[in-house]
Amino acid sequence: MLNPSDFIKESIEGIKKTVGDGTAVIALSGGVDSSVASVLTKEALGENLIAVFVDHGLLREGEAEYVQKTFEPRLNFRYVDASEEFLAALDGVSDPEEKRKIIGEIFINVFERVAEEVDAEFLVQGTIAPDWIESEGDIKSHHNVALPHGLVLELIEPIRELYKDEVRIIGSELGLPNEMVLRQPYPGPGLAVRVVGKLTPEKIEICRKANAIVEEEVHKESLDETLWQYFAVLTDTKVTGVKGDIRDYGYLVVLRMVESMDAMTADVPELPWKMVKIISRRITAEIPEVTHVALSVSDKPPSTIEFA
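Throughout what follows, the structure given in this document is the object of discussion.

Comments concerning helix α1 (residues 4-19)
Counting along an α-helix, one turn takes 3.6 residues, and residues three or four places apart therefore face a common direction.
Turning to step 1, where the next piece is worked out: The end-to-end C-alpha distance of α1 is 22 Å, a good match for the 22 Å that 16 residues give at a rise of 1.5 Å each.
Turning to step 2, where the next piece is worked out: Residues of α1 that are buried include every one of P4, F7, I8, S11, I12, I15 and V19, and no others. The arc enclosing the buried residues of α1, seen along the axis, measures out at 130 degrees, which places them on a common side. Among the exposed residues of α1, those pointing more than 90 degrees away from its buried face are K9, E10 and K17.

Written out as structure tokens, the structure is:
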């Protein structure tokens, strides 16, 4: 049984012992895991932890502003707008693994530049138990990580033995706001993996708007605390529709909403049909490029939570 205060105390002592007077960096995404890892490590290192938030241009609506507002007063916070660099490299890319590869490579390059600027010696990551379990490999809690241009950092993973529900408990104990602790997981590649097929600025914006509508209506129904994830996927399929008595031809958007404890498995619950219909009507009315909305009802397994 997790004792939050004991876990925090032991973690702080362990981080202090490992890092000493050194400097550590963490990639702060604004998700629950990296947020909790950041605040926990800050308790141990103070200003010697630099939290780096990289905006890759694939965030949800208002995401960058929210993360900056939440953490700039609390952490040694660095905001890096690298959206042009990411989007230029991703323009026209359709394969999901190629998207992940490009995003991963650019992210590491951007992050390494900041780490070199601050003379970092340690890298803190918000790895949690399902991350390494699903990767089918248990790595050591502390080992050296060599970044592409030669910078070598010692890895620290303060919450790697925890599951998501336990991470949320620690976040609450550390005083993180409730809306941050209960945030739904968000994939590192962001909207790039929620746009099926070729990635373009137009498609990213369509997906961003659709996601914002889903989140707004889920919050209205107070389902944000019970659903694990809830989002919209922009497919590369176009279907016929009718708008204003005129035949139209636009994109198909798929709604995905699941319940889960740790993302190892996930179920699609019975959803309020009125909410689903409102989301559908709003997406097709407010986003001219969309003519059709569908609902995903597949559990994990056999499906994954994300589409790509």
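On we go from here.
Focus on helix α5 (residues 96-117)
Turning to step 1, where the next piece is worked out: With 22 residues, α5 ought to run about 32 Å at 1.5 Å a step, and its terminal C-alpha atoms sit 32 Å apart, in line with that.
Turning to step 2, where the next piece is worked out: On its buried side, α5 packs onto β1 (24-27), β2 (49-55), β3 (76-81), α4 (83-90) and β4 (122-124).
Turning to step 3, where the next piece is worked out: Regarding α5, its N-cap is D95, as a side-chain oxygen of that residue lies 3.1 Å from the backbone nitrogen of E97 further along.
Turning to step 4, where the next piece is worked out: One or two steps after α5, the chain reaches D119, where phi turns positive at roughly 55 degrees.

Description of the nonpolar core
Turning to step 1, where the next piece is worked out: L255, M257 and I283 are the most contacted members of the largest nonpolar core, which has 89 residues in total.
Turning to step 2, where the next piece is worked out: Ignoring sequence-local partners within four residues, the contact set of M257 consists of V214, V218, L227, Q229, Y230, D267, V268, P269, L271, M275 and I279.
Turning to step 3, where the next piece is worked out: With 10 residues, the next largest nonpolar core counts V233, V254, A266 and I305 among its residues.

Quick look at the packing of helix α9 (residues 201-220) against helix α10 (residues 273-286)
Turning to step 1, where the next piece is worked out: Contact geometry for α9 and α10: axes closest at 10 Å, N-to-C directions at 150 degrees. With respect to each other, α9 and α10 are oriented roughly antiparallel. Classified by chirality, the crossing of α10 by α9 is right-handed. Contacts from A210, I213, V214, E216, E217, V218 and K220 in α9 reach M275, I278, I279, R282, I283 and E286 in α10.
Turning to step 2, where the next piece is worked out: By residue class, the composition of the contact of α9 with α10 is 8 nonpolar, no polar and 5 charged.

Description of the pattern of salt bridges
Turning to step 1, where the next piece is worked out: For the structure shown, the criterion picks out 16 salt bridges.
Turning to step 2, where the next piece is worked out: Among the salt bridges present, the one from K164 reaches D33, with a minimum N-O distance of 2.9 Å. In this pair, K164 sits in helix α7 (residues 164-173) while D33 sits in helix α2 (residues 32-45), placing the two residues 131 residues apart along the sequence. The exposure classification of K164 matches that of D33, with both residues buried.
Turning to step 3, where the next piece is worked out: A salt bridge links R282 to E286, with the shortest nitrogen-to-oxygen separation between them at 2.7 Å. Placement of the pair is R282 and E286 together in helix α10, with a separation of 4 residues, close to one helical turn.
Turning to step 4, where the next piece is worked out: Taken together, the salt bridges that share partners define one network made up of E216, E217, K220, R282 and E286.

Conventions and cut-offs
- Sequence order as written defines residue numbering, which begins from 1 separately in each chain.
- Local features in this predicted model are restricted to residues whose pLDDT is 70 or higher, and side-chain atom pairs enter the listing and the counts only when it is 80 or higher, whereas totals over whole chains, interfaces and linings include all residues.
- Side-chain figures throughout are based on the complete set of non-hydrogen atoms in the structure, without hydrogens or water.
- Helix and strand assignments follow DSSP, with helices taken as H or I runs no shorter than four residues and strands as E runs no shorter than two, numbered in order from the N terminus.
- Multiplying one less than the number of residues by 1.5 Å gives the expected span of a helix.
- A simple rule labels every residue: compare its accessible area, found with a 1.4 Å probe on the protein chains alone, to the largest value its type can have, and call it buried under 20%, exposed over 50%, or partly exposed in between.
- It is the directions from the helix axis to the C-beta atoms whose arc is reported.
- Any pair of residues with heavy atoms lying within 4.5 Å of one another is described as a contacting pair.
- Whenever a nitrogen or oxygen atom comes within 3.5 Å of another N or O atom, the pair is scored as a polar contact, on the condition that within protein one atom can donate a hydrogen and the other can accept it, and that pairs from neighbouring residues in sequence are kept only if both atoms are in side chains.
- Nonpolar cores were defined as sets of buried Ala, Val, Leu, Ile, Met, Phe, Trp, Tyr and Cys residues, with membership established by side-chain atoms within 4.5 Å.
- Lines fitted to C-alpha atoms define the axes, with helix axes restricted to the stretch in contact, and inter-axis angles between N-to-C directions lie between 0 and 180 degrees.
- Roughly parallel covers angles under 35 degrees, roughly antiparallel covers those over 145, roughly perpendicular covers 65 to 115, and oblique covers all other angles.
- Handedness of a crossing is defined here by the sense of rotation of the near helix relative to the far one, left-handed for an anticlockwise turn of less than a right angle and right-handed for a clockwise turn.
- Throughout this entry, Asp, Glu, Lys and Arg are counted as charged residues, while Ala, Val, Leu, Ile, Met, Phe, Trp, Tyr, Cys and Pro are counted as nonpolar. The remaining residues, Gly among them, count as polar.
- Whenever a carboxyl oxygen of Asp or Glu lies within 4 Å of a side-chain nitrogen of Lys or Arg, that contact is scored as a salt bridge.

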